[in-house]
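Tertiary structure, described
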Amino acid sequence: MSYDALIAHVKQTEALSQAQGLLGWDQQAMMPPRGADQRADQIGALESVIHARRTDPRIGDWLSDIDGGALDPAQAANVRLISRDWSRNRNMPGDLAEAIARATSKGHNVWAAARAASDVAAFVPALTEIVNLKRQQAEAQKLDDETRYDTLLDGFEPGMRTAPLEAILGSLRAPLSDLRERIADSGRDPRDLDGTFEVEGQMSIARDLAGVFGYDWQAGRMDLVAHPFCAGTLGDVRITTRVDTARPFDCLYSAVHEVGHAVYEQGLPPALERTPAGAHVSMGVHESQSRLMENQLGRSRAFCGWLHGRMVQTFGIDMGEQEFYAAVNRVTSGFIRTEADEVHYNLHVIMRFDLERALIAGDLEVPDLEGAWNERFAADFGQQVTDPAKGVLQDVHWAIGLFGYFPTYALGNIYAAALYEKLTTAIPDLNARLAQGDTSAAVAWLGQNVHRHGAVLPAPALMRQAVGGEVTSAPLIAYLETKFSDLYGV
């Protein structure tokens, strides 16, 4: 009885949260600019109701009354996850939760305008407010010996702490820097794809790619936004991309990336809908699905052969398959994380991980962030940032309060490489299938080994089960070494 009452309460709360998520999608994809203040009030009001439900004293009573020995694995996972969230949420003041919702809703619009104008000063007050609110949230929700950042990180990667994550990401820095230097010294500089690629053609291929990678169009839609994202779950999962007529790969691979997220959400167990056990298990696992589809599958030599045909058909490009494959995987020390090649991408993430930890700890203040960003970028990438839209203003995450999210991209890359290693063993003819534009076997394997399990198992246990052992960074480093040593002869 107590379990049933608890789950009924949680499902209704999650329905409200999903409605709030749709308002967030609309804000980024459809809402007229003058709706920003109204939307902040709407999201804030909803957050107040949702937070009151998440801190309802009856949750503690229900949890205390439940006989854990009588639960099946999914029910036990629900109790475990609800208890964890309850421990944090009940220490969070309602007015603080509402203030964060309002500030981050407004922050998105302020960020978008500041980014368009390359005006950091216009964004500093909004970001200062958000950072201060997130520090307060972390202080309120801290458990045991957690740091502020541990607390925020747990919201995206449950159970993960900063210290082991720092060690995991740190294990990437030396081999990636070494590979980058060898590529730079190789003397090879593949030709980039040049020309003008009209919007309709890019979107036509992007929609085809979504279908190829398993996206259910009866349970979603695609729109254009400033910063691509995926929103929703199960029967309503919406994806976005963006278009630059000079850079078609940005549109196409952003679409594939978001489809990776979407296919995961569409493949979660329907029987556990709107319960914690039926949700994604962590953002690291979530990112593994998008990064695997985007990189190991989508940027593979085999799949690039198929994509080359679509680009010739649509745009009449004048390069052969091998040259096209090299262009897709061209290594260059660019400014934009979402456009970064696989060698540089994790270095972008590690930089953001370090900066946002300093912000949350109070070791770095927002007015000094641009200078810290530019100094670190010059040290790590050897270039001076001259346009803040390509620097500290490029990502939406901090504007909407997602502190603790960035490192899950790198963790996702580590998970993706481990899954890919297992997947290639399970599907011996994978490359032959990819060359025909057929990802169905790979998507089905991911569905069977990752998606359908939801969050019944914690992320580390799910990954151990999927790959047959502990996950390390070794498969990612080996994959990058093999791929780029071949491309650049190093």
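Quick note: structure is the one above.
Residues numbered from 1 in each chain as written. Predicted model: local features only at pLDDT ≥ 70, side-chain atom pairs only at ≥ 80, totals over all residues. Heavy atoms only, no water.

Turning next to helix 18 (residues 440-449). The buried fraction of helix 18 is high, at 7 of 10 residues. Among all positions in helix 18, only Ala441, Ala442, Val443, Trp445, Leu446, Gly447 and Asn449 are buried. In the core, the buried residues of helix 18 are packed alongside helix 10 (248-266), helix 11 (283-297), helix 16 (407-426), helix 17 (430-435) and helix 19 (459-467). (Buried < 20%, exposed > 50% of the residue type's maximum accessible area, 1.4 Å probe, protein only. Helix = DSSP H or I, 4+ residues; strand = E, 2+ residues; numbered from the N terminus. Contact = heavy atoms within 4.5 Å.)

This part takes up the side chain of His397. Relative to the elements of secondary structure, His397 occurs in the loop between helix 15 (369-381) and helix 16. A distance of 2.7 Å separates polar atoms of two side chains, one belonging to His397 and the other to Tyr409. (Polar contact = N/O pair within 3.5 Å; in protein donor to acceptor, adjacent residues only side chain to side chain.)

It is worth spelling out the environment of Ile360 at this point. Tracing the backbone through its elements, the reader meets Ile360 in helix 14 (residues 342-361). In sequence terms Ile360 and Asn132 are 228 residues apart; their C-alpha atoms lie 8.2 Å from each other.

Once that is clear, we can look at the pairing of strand 3 (residues 236-241). A regular strand places its side chains on the two faces of the sheet in alternate fashion. When you tally the buried positions in strand 3, you get 5 out of 6 residues, the bulk of the element. In this structure, strand 1 (residues 222-224) lies alongside strand 3, joined through 3 bridges in parallel fashion. Looking at strand 3, one finds that Asp223 is bridged to Thr240. Bridge count between strand 2 (residues 230-233) and strand 3: 4 bridges; the pairing is antiparallel. Looking at strand 3, one finds that Ala231 is bridged to Arg238. Hairpin connection of strand 2 to strand 3: 2 residues between the antiparallel strands, including Leu234 at a positive phi of 50 degrees. (Pairing = 2+ DSSP bridges.)

Moving on, we come to the packing of aromatic side chains. Enumeration over the complete set of coordinates arrives at 17 aromatic pairs. With 5.2 Å between their ring centres and 35 degrees between their planes, Phe303 and Trp306 make a pair best called tilted. Taken together, the residues span about one helical turn, with Phe303 and Trp306 both in helix 12 (residues 301-315) at a distance of 3 residues. For the pair Phe303 and Trp306, one class covers both residues: buried. In this arrangement the basic side chain of Arg337 is found over the ring face of Tyr409, its NZ or CZ atom lying 4.5 Å from the centre. Over the ring of Phe353 we find Arg357, and its NZ or CZ is 4.2 Å from the ring centre. (Phe/Tyr/Trp six-rings, centres within 6.5 Å; stacked < 30°, edge-to-face > 60°. Lys NZ or Arg CZ within 6 Å of the ring centre and 35° of its normal.)

With respect to the helices and strands, Ser288 occurs in helix 11. Accessibility expressed as a relative area gives 0% for Ser288, which makes it buried. A distance of 2.9 Å separates a polar atom in the side chain of Ser288 from a polar atom in the side chain of Gln289.

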